[in-house]
Amino acid sequence: MQTIYAYMQAEGSDYLLALDQIGEDFAPDLNSMEVQDRKLLEGKKQIAQLLFKEWYETGQFETDETDKDIIDSVNRAVVSYQNQLRKDYKHYGNQMMSAVERIYDHYLGTLQILEVINSLVEEEEEKKEKRFTAAKGPDVKRFLNNRVVQRILSNKSYQQHIIRRNISWGSDISEIRLVYKNILKQDETFLNYLALPEPTLEEDLEVVKHIFKNIIFKEKNLQSLFEEQDLNWVENKSIVKSLVNKTIKVFGEETEEEPVLLDLSANWEDDKAFFEELYHQTIQEDDKYEALISASVKNWDVERVALLDKIILKMALCEMHIFRSIPVKVTINEYIEISKLYSTPKSKQFVNGVLDKMAQELAAKGDIRKSGRGLIDNK
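Since the model is a prediction, treat every value here as computed from it, not as a measurement. (Residues numbered from 1 in each chain as written. Predicted model: local features only at pLDDT ≥ 70, side-chain atom pairs only at ≥ 80, totals over all residues. Heavy atoms only, no water.)

Caption draft 1: Spatial organisation of the overall build of the protein. Each helix and strand in the protein was counted, giving 15 helices and zero strands. For a compact globule of 379 residues, the expected C-alpha radius of gyration is about 21 Å, and the protein comes in at 29 Å, more than 25% above that figure. Taken over the C-alpha atoms alone, the protein extends approximately 95 × 70 × 35 Å along its principal axes. Looking at the protein as a whole, 40% of its 379 residues are labelled buried. Of all intrachain contacts in the protein linking residues separated by at least 6 positions in sequence, the fraction that spans at least 24 positions is 72%. In the form shown here, the protein has an accessible surface area of approximately 22600 Å², with 49% of it arising from carbon and sulfur atoms. (Helix = DSSP H or I, 4+ residues; strand = E, 2+ residues; numbered from the N terminus. Rg over C-alpha atoms; globule rule 2.2 N^0.38 Å. Buried < 20%, exposed > 50% of the residue type's maximum accessible area, 1.4 Å probe, protein only. Contact = heavy atoms within 4.5 Å. Areas by Shrake-Rupley, 256 points an atom, 1.4 Å probe, with all protein chains shown as cover.)

Caption draft 2: Focus on the nonpolar core. Formed by 104 residues in total, the largest nonpolar core has its most connected members in Phe52, Phe143, Phe212 and Leu355. Among the elements that make up this core, the one with the highest residue count is helix H3 (residues 68-130) (22 residues). Apart from residues lying up to four places away in sequence, Phe212 is in contact with Thr110, Leu111, Leu114, Phe217, Val244 and Ile248. (Core = buried A, V, L, I, M, F, W, Y, C linked by side-chain atoms within 4.5 Å.)

Caption draft 3: View of the environment of Glu101. Relative to the assigned elements, Glu101 resides in helix H3. When the C-alpha atoms of Glu101 and Asp187 are compared, they prove to be 33 Å apart, with 86 residues separating the residues in sequence. The contacts of Glu101, once residues within four sequence positions are left out, are Arg165 and Trp268.

Caption draft 4: Up close: the side chain of Ser347. With respect to the helices, strands and loops of the structure, Ser347 is situated in helix H15 (residues 347-365). Discounting chain neighbours no more than four positions away, the residues touching Ser347 are Asp309 and Ser339.

Caption draft 5: Quick look at helix H8 (residues 201-216). With 16 residues, H8 extends 21 Å between its outermost C-alpha atoms, agreeing within 8% with the 22 Å of an ideal straight helix rising 1.5 Å per residue. Contacts made by the buried residues of H8 are with H3, helix H4 (147-153), helix H6 (173-182), helix H7 (188-194), helix H9 (220-229) and helix H10 (233-251). (Expected span 1.5 Å × (residues − 1).)

Caption draft 6: Molecular detail of the pattern of salt bridges. Per the counting criterion, the structure on display carries 16 salt bridges. With its nearest N and O atoms 2.8 Å apart, the salt bridge here joins Arg147 to Asp204. Linking Arg147 in helix H4 with Asp204 in helix H8, this pair joins segments that are 57 residues apart in sequence. The class for Arg147 is partly exposed, based on a relative accessible area of 35%. On the basis of relative accessibility, which here comes to 1%, the residue Asp204 falls in the buried class. With a closest N to O distance of 3.0 Å, Glu290 and Lys310 form a salt bridge. Here Glu290 is found in helix H12 (residues 286-296), whereas its partner Lys310 is found in helix H13 (residues 307-322), with 20 residues between them in sequence. (Salt bridge = Lys/Arg side-chain N within 4 Å of Asp/Glu carboxyl O.)

Caption draft 7: Representation of the environment of Asn145. Structurally, Asn145 is set in the loop between H3 and H4. The spatial distance from the C-alpha of Asn145 to the C-alpha of Asn118 is 9.8 Å, given a sequence separation of 27 residues.

Caption draft 8: Fine view of the packing of aromatic side chains. Applying the stated criterion across every chain, the model contains 16 aromatic pairs. Plain terms: the ring middles of Tyr56 and Tyr81 are 5.8 Å apart, the flat faces sit at 80 degrees to each other, and that makes the pair edge-to-face. Placement of the pair is Tyr56 in helix H2 (residues 38-58) and Tyr81 in helix H3, with a sequence separation of 25 residues. Ring geometry for Tyr89 and Tyr279: centres 5.6 Å apart, planes at 15 degrees, overall stacked. Within this pair, whereas Tyr89 is found in helix H3, its partner Tyr279 is found in helix H11 (residues 268-284), the two being separated by 190 residues in sequence. For the pair shown, Tyr89 and Tyr279 are each scored as buried. Pairwise contacts between aromatic rings join Tyr15, Phe52, Trp55, Tyr56 and Tyr81 into one cluster. (Phe/Tyr/Trp six-rings, centres within 6.5 Å; stacked < 30°, edge-to-face > 60°.)

Honestly, that's just the spatial picture; any functional story needs more than this.
What follows is the structure in structure tokens.
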């Protein structure tokens, strides 16, 4: 949804750039030795821009205009607009998939915090050994023997992913150092764990869960750092948190087989194909879905419908049409939830009413047909 919104905003900008290009074609040449007829140039500019607007709205322009300069300017603007639009279409599609892939990088980076903490503990122990007197305080060395942590860090799947995706905290390690020194080392649950003579596997697991839940996913400075790294962190946090929690649980179980890290989703390749097709088809069939929405909201000027609401409706219509295995009710409920999160307070009722009405009409016409296990009579 955000990607389609960005593309449509870019489309509007491309349109204005094309008009500006026409304006530049008929701008007076300040370096010319000849006298410029400014009124004539302004007249040609206005005619050319009107013809371009006609093409933009109808896909063609008809004119009795014989002025070659005007026709050439309009044609150049059309070509420029189309080329830029194709670039934006590809750019935002690629950007969408990169943003999704970055969620997985955040998952790996969050797990890697355990590795950073481990290194800080080792560094601290090395300093202790060089001192003449033993330092007072909790024995943080016990954390180095935490079985859940060591299973994750020594896991081949973890190590390969970290290397292949070049995951590193780099200079931001200083933030983790501060959290370790000022928060983790003062944390009561962590201190109680360090005081245990021989922690059980369950106790190893519980302290790791505690570190992530109550420190890594809550500490303000770390959250600010995550937000700097990911503009969508507020939305992506729950996904990363779920992946981390499931991973810790898997690595906290006694098993003979070496566990592997989770994928972004249970069927990532299928989900990836779904994202791409929904993006491409929603944009390619924009005129079709615009007409359907316009016909469905006869008592409401479609131009007054919030852009985000229209995008939500168009995506829902696209999903109903091309993904035959997804029940209509599931689609409607999903996009109602999206409207609640991202659009106006009244969008929920509007989206619900319009989608419910259109789904019934399209199903009755046979335009929406569902197939698959448990799907009967297009419901």
